[in-house]
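Analysis of the macromolecular model
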Amino acid sequence: MLRSLLLPTAALGATSLFVLSTPAPVTAAPAAAAASGFEGAVYAMTNDFVSNRIVAYGRRSDGTLELLGDFPTGGQGAAFDGGEGLDPLISAYAVLLTDDQDFLLAVNAGNNSITAFRVTEDFRLRRTDIVRSGGFGPNSIAYRDGFVTVSNIDADGAFAGEPDQEGSLLSFRLTPEGKLRAIPGSRRILGNRPSAVQYTPDGQHLVVASINAGSAALASGSNDEIVSYGVDDFGRLTEAPLGAGASTLPFNTANRNLASAIGFEIVESGDRNFVVVTEAREFTSEGLPPTLPNLQTGSVSTWELLPDGSLDPLQLDVLAGTDMLDGQRTACWIEFSADEKTFWVSNALESTISAYSFNQGQIALISEVAAAGTAPDPNDPFGTSDGWIDMWASEDGRYLYQLFGLAGTIGVYETVGSSLQLVQTVSDLPVVNTQGIVAF
């Protein structure tokens, strides 16, 4: 979720990042907590500014978790938001598993690097590589068929806050040994600040979402909420995007806030690919930075990604509520059910999850509040919210894992149709600045 309520006043360089106090380290669990009897694992990132770490949990057949320990990335975390400790990288996929679950990849925004781990047989992690990300503030990672692309919040390190940031991409090969090899000539400069990157299931395209499309402070003047690139056989992206989309343009007659896109999913159906994007609706229609009273109801929009890489709009600005002002305002992360007929959207500031139906790119709101935590005080939401940020489902789709970014906990939900039933809460994470969760 984007907040420009407390923007840094000085330019942030490669090492002089906006730093908050760091919480005490997570301690490793006893060896007796080894993964015997576990069916999978869940990993969350501390984003610690001194020593970034991945906290690992074994996952039982009933979805519940047991702490396995924490594993240093070798890098540092950072905050590139307004300083509240909620969603510090304003991104999705800061942590990612490869499709075969052999490797875990994580960003280190504080020292501009990414780390690769091998997932061991007992679901612990062994670091295999750490490399430079090719920009400032890496915040999201995509993987497909041995290729990796990382997005960086900013390309040159000279910025005062979210509204004017223009990021970059860099692509790598991931070797069978877990080494990341930068692909020559793969760096691409973006027209705005990226929030998430993903490859299509066939690996032929890469999609990038942006949080500040239409911002009046962007030198590029870009209005593109999402863009798509082609990917060649060597993992290189096309020099320029092949397609672009935006659900809402500046100065629209409805006075609708612009779409601050955060998370998205690409759903393959037959030979069609659908891009489903969450939108926090924070920048004003004039492209001005958000202030809390002026946030509007969040939304979801869908496009079809055509074979030539263009984006065909299907259904735009489907509200997370009944009207433009009184619904869930901070729609940020998304996760689909196993049958891809339902998806859930995490609303960060409200500490809620909304449920939608999905059918060939057509969506509808099923439940504005399918799950909820402590309702924040409207007069002090950042001080009282649980901060529901990233979420991920188990490989079989039975359980949804929701990261509570301002509570230092993970909520375990059983999925029953479109409804969610809380079965466990685990409390082993820092209470601020966490980012990224993944499960299998």
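None of these values were measured; they are calculated from a predicted model.

Here we look at the sheet that holds strand S20 (residues 311–319)
Spatial strand order, S17-S18-S19-S20: four strands in an open sheet with antiparallel pairing. The open sheet terminates on both sides in strands that have one partner only, identified here as strand S17 (261–269) and S20. Neighbour-to-neighbour, the strand axes of this sheet turn through a mean angle of 20°, independent of strand direction.

Comments concerning the nonpolar core
The biggest cluster of nonpolar side chains holds 83 residues, and the ones touching the most others in it are Tyr43, Leu104 and Ile410. The residues contacting isoleucine 410, other than those within four sequence positions of it, are Ala44, Tyr57, Leu65, Tyr401, Gln402, Leu403, Phe404, Gln424, Thr425, Val426, Leu429 and Ile437. Core analysis: the next-biggest nonpolar cluster, separate from the first, contains 14 residues, Val267, Ala331, Phe336 and Phe343 among them.

A closer look at the sheet that holds strand S28 (residues 419–426)
One open sheet holds the four strands; their spatial order is S25-S26-S27-S28, and the pairing between them is antiparallel. Of all strands in the sheet, those bounded by a partner on one side alone are strand S25 (388–393) and S28. Neighbour-to-neighbour, the strand axes of the sheet open up by a mean angle of 25°, direction not taken into account. Relative to strand S26 (residues 399–404), S25 is paired through four bridges, and the arrangement is antiparallel. Of the residues in S26, the one forming a bridge with methionine 391 is glutamine 402.

Side note on the confidence of the model for the protein
On average, residues of the protein carry a pLDDT of 91, and 91% of them reach 70 or more. Note on residues 3–35: pLDDT under 50 across the span, and 86 contacts to partners over four residues away in sequence or across chains.

Some points on a negative patch on the surface
A cluster of acidic residues, Asp145, Asp202, Glu268, Asp271, Asp339 and Glu340, forms a negative patch at the surface. Inspection of the secondary structure assignment puts aspartate 271 in the loop between S17 and strand S18 (272–279).

Considerations on the layout of surface pockets
The calculated volume of the largest pocket comes to roughly 870 Å³. Contributions of two or more residues to the lining of the largest pocket are made by strand S4 (95–97), strand S8 (136–144), strand S13 (194–199), S17, strand S21 (331–336), S25 and strand S29 (437–439). Tallied by class, the residues present in the lining of the largest pocket amount to 18 nonpolar, seven polar and eight charged. Roughly 160 Å³ of internal volume is contained in the second largest pocket. What lines the second largest pocket is a set of 16 residues, and nearest its centre among them are Leu190, Gly191, Val227, Tyr229 and Pro241. Where the lining of the second largest pocket is concerned, the elements lending two or more residues are strand S14 (205–210) and strand S15 (226–230). Of the residues contributing to the lining of the second largest pocket, the split by class is nine nonpolar, four polar and three charged.

Details of the packing of aromatic side chains
Within this structure, the stated rule accounts for eight aromatic pairs. With a centroid separation of 5.9 Å and 85° between ring planes, the pair formed by tyrosine 93 and tryptophan 392 is classed as edge-to-face. On the criterion of sequence distance, the pair formed by tyrosine 93 in the loop between strand S3 (65–72) and S4 and tryptophan 392 in strand S25 is long-range, its members being 299 residues apart. Side by side, tyrosine 93 and tryptophan 392 carry an identical accessibility label, which is buried. With 6.0 Å between their ring centres and 70° between their planes, phenylalanine 274 and phenylalanine 358 make a pair best called edge-to-face. You can see phenylalanine 274 sitting in strand S18 and its partner phenylalanine 358 sitting in strand S23 (residues 352–359), a full 84 residues away along the chain. The buried category is assigned to phenylalanine 274, whose relative accessible area is 0%. Ring-pair connections join several aromatic residues into one group, and the members of that group are Phe274, Phe336, Phe343, Tyr356 and Phe358.

A short note on the pattern of salt bridges
Counted under the stated rule, the structure contains twelve salt bridges. Between aspartate 122 and arginine 124 there is a salt bridge, and its shortest N-O distance comes to 3.2 Å. Taking the relative accessible area as the measure of exposure, aspartate 122 reaches 27% and is therefore partly exposed. Using a relative accessible area of 16% as the deciding quantity, one classes arginine 124 as buried. A salt bridge links arginine 256 to aspartate 317; the shortest N-O distance between them is 2.8 Å. Pair noted here: arginine 256 is in the loop between strand S16 (243–245) and S17 and aspartate 317 is in strand S20, with a separation of 61 residues, a long-range link.

Section: empty space enclosed by the protein
With the rule as written, the count across this model stands at four cavities of 30 Å³ or more. Size it by volume and the largest cavity reaches roughly 80 Å³. Ala92, Tyr93, Val95, Gly263, Phe264, Trp333, Ile334, Asp390, Met391, Trp392, Gly436 and Ile437 are the residues that line the largest cavity. Contributing elements (two or more residues each) for the lining of the largest cavity: S17, S21 and S25. With three residues, the single largest contributor to the lining of the largest cavity is S25. When grouped by side-chain class, the residues that make up the lining of the largest cavity number nine nonpolar, two polar and one charged. Approximately 50 Å³ is the volume found for the second largest cavity. Surrounding the second largest cavity, Ala213, Gly214, Asn223, Glu225, Ala246, Thr248, Pro250, Leu258 and Ala259 form its lining. A class-by-class count of the residues in the lining of the second largest cavity yields five nonpolar, three polar and one charged.

A few points about the pairing of strand S24 (residues 362–372)
Relative to S24, S23 runs antiparallel, the two sharing seven bridges. Counted as the bridge partner of isoleucine 353 is alanine 371 from S24. Hairpin connection of S23 to S24: two residues between the antiparallel strands, including glutamine 360 at a positive phi of 50°.

Observations regarding the side chain of glutamate 335
Among the structural elements, glutamate 335 can be located in strand S21. Here glutamate 335 sits buried without a salt bridge, and the closest side chain of opposite charge, arginine 59, lies 11 Å off (N-O distance). Setting aside its immediate chain neighbours within four residues, glutamate 335 contacts Glu265, Thr342, Phe343, Trp344, Met391, Trp392, Ala393 and Leu400.

Definitions and cut-offs
Residues numbered from 1 in each chain as written. Predicted model: local features only at pLDDT ≥ 70, side-chain atom pairs only at ≥ 80, totals over all residues. Heavy atoms only, no water. Pairing = 2+ DSSP bridges. Helix = DSSP H or I, 4+ residues; strand = E, 2+ residues; numbered from the N terminus. Axes fitted to C-alpha atoms, helices over the stretch in contact; angles between N-to-C directions. Core = buried A, V, L, I, M, F, W, Y, C linked by side-chain atoms within 4.5 Å. Buried < 20%, exposed > 50% of the residue type's maximum accessible area, 1.4 Å probe, protein only. Contact = heavy atoms within 4.5 Å. pLDDT = per-residue confidence, 0-100. Patch = residues over 30% accessible without salt bridge, like charges linked within 9 Å, V, L, I, M, F, W, Y side chains within 5 Å. Areas by Shrake-Rupley, 256 points an atom, 1.4 Å probe, with all protein chains shown as cover. Salt bridge = Lys/Arg side-chain N within 4 Å of Asp/Glu carboxyl O. Lys, Arg positive; Asp, Glu negative; His and termini not counted. Charge placed at Lys NZ, Arg CZ, Asp CG, Glu CD. 1 Å grid on protein atoms, 1.4 Å probe; cavity = no way out; pocket = protein on both sides within 12 Å on 5 of 7 lines; lining within 4 Å. Points joined across faces, edges and corners; volume = space filled by probe spheres on them. Nonpolar A, V, L, I, M, F, W, Y, C, P; charged D, E, K, R; others polar. Phe/Tyr/Trp six-rings, centres within 6.5 Å; stacked < 30°, edge-to-face > 60°.

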